[in-house]
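# Overview (structure and organization)
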Amino acid sequence: VCNAEDQEAMAWATDLRRDGYMMIPAGRLRWAVDVAAVARGITTLVAAGFPAACILAYDEPWVLAAQLQPVAKATTGGNVPIVDWATFCVQADGSEGQGATSAAGWPPHRDRM
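In this report, the structure presented in the accompanying data block is examined. (Residues numbered from 1 in each chain as written. Predicted model: local features only at pLDDT ≥ 70, side-chain atom pairs only at ≥ 80, totals over all residues. Heavy atoms only, no water.)

## Examining helix 1 (residues 7-19)
With 13 residues, helix 1 should reach 18 Å at 1.5 Å per residue; the first-to-last C-alpha distance of 18 Å fits that figure. Within the span of helix 1, buried status applies to Ala 9, Trp 12 and Ala 13. Buried residues in helix 1, looked at end-on, bunch into an arc of 105 degrees, giving them a common side. In helix 1, the exposed residues that point more than 90 degrees away from the buried face are Gln 7 and Arg 18. Contacts from the buried residues of helix 1 go to helix 3 (59-75). At the N-terminal end of helix 1, a side-chain oxygen is found 2.9 Å from the backbone nitrogen of Glu 8, two or three residues along, and the residue is Asp 6. Gly 20 occupies a position one or two residues after helix 1 and carries a positive phi of about 90 degrees. (Helix = DSSP H or I, 4+ residues; strand = E, 2+ residues; numbered from the N terminus. Expected span 1.5 Å × (residues − 1). Buried < 20%, exposed > 50% of the residue type's maximum accessible area, 1.4 Å probe, protein only. Arc of directions from axis to C-beta. Contact = heavy atoms within 4.5 Å. Polar contact = N/O pair within 3.5 Å; in protein donor to acceptor, adjacent residues only side chain to side chain.)

## A word on the nonpolar core
Among the nonpolar cores identified, the biggest contains 9 residues, and these are Val 33, Val 38, Ile 42, Leu 45, Val 46, Ala 52, Ile 55, Leu 64 and Cys 89. In this view, Val 38 contacts Val 33, Ile 55, Glu 60, Pro 61 and Leu 64; residues no more than four positions away in its chain are not counted. (Core = buried A, V, L, I, M, F, W, Y, C linked by side-chain atoms within 4.5 Å.)

Here's what the structure looks like:
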């Protein structure tokens, strides 16, 4: 995992302050659950007509969230996630569940209030 003194976490924190987001290289975090299985679960739920957020009824997304806490804490000066989540299903073929006609997704960004 990482801590505030970790050079990599410091670089991520700099990116977060400068750009509003950080990109953690694939494979850098060793997940305790199968992330691809979580994605397949979301796809399966959406295909069955359920909102993507129904994945939150399962343990695996919460395990991922718990694993992200040290990263959030180290990169934001001590803040931790407050369990306020949004879940989306944007598929590579451009299709999306729940009546949408297309889904291109969006580049990394931050919403400002």
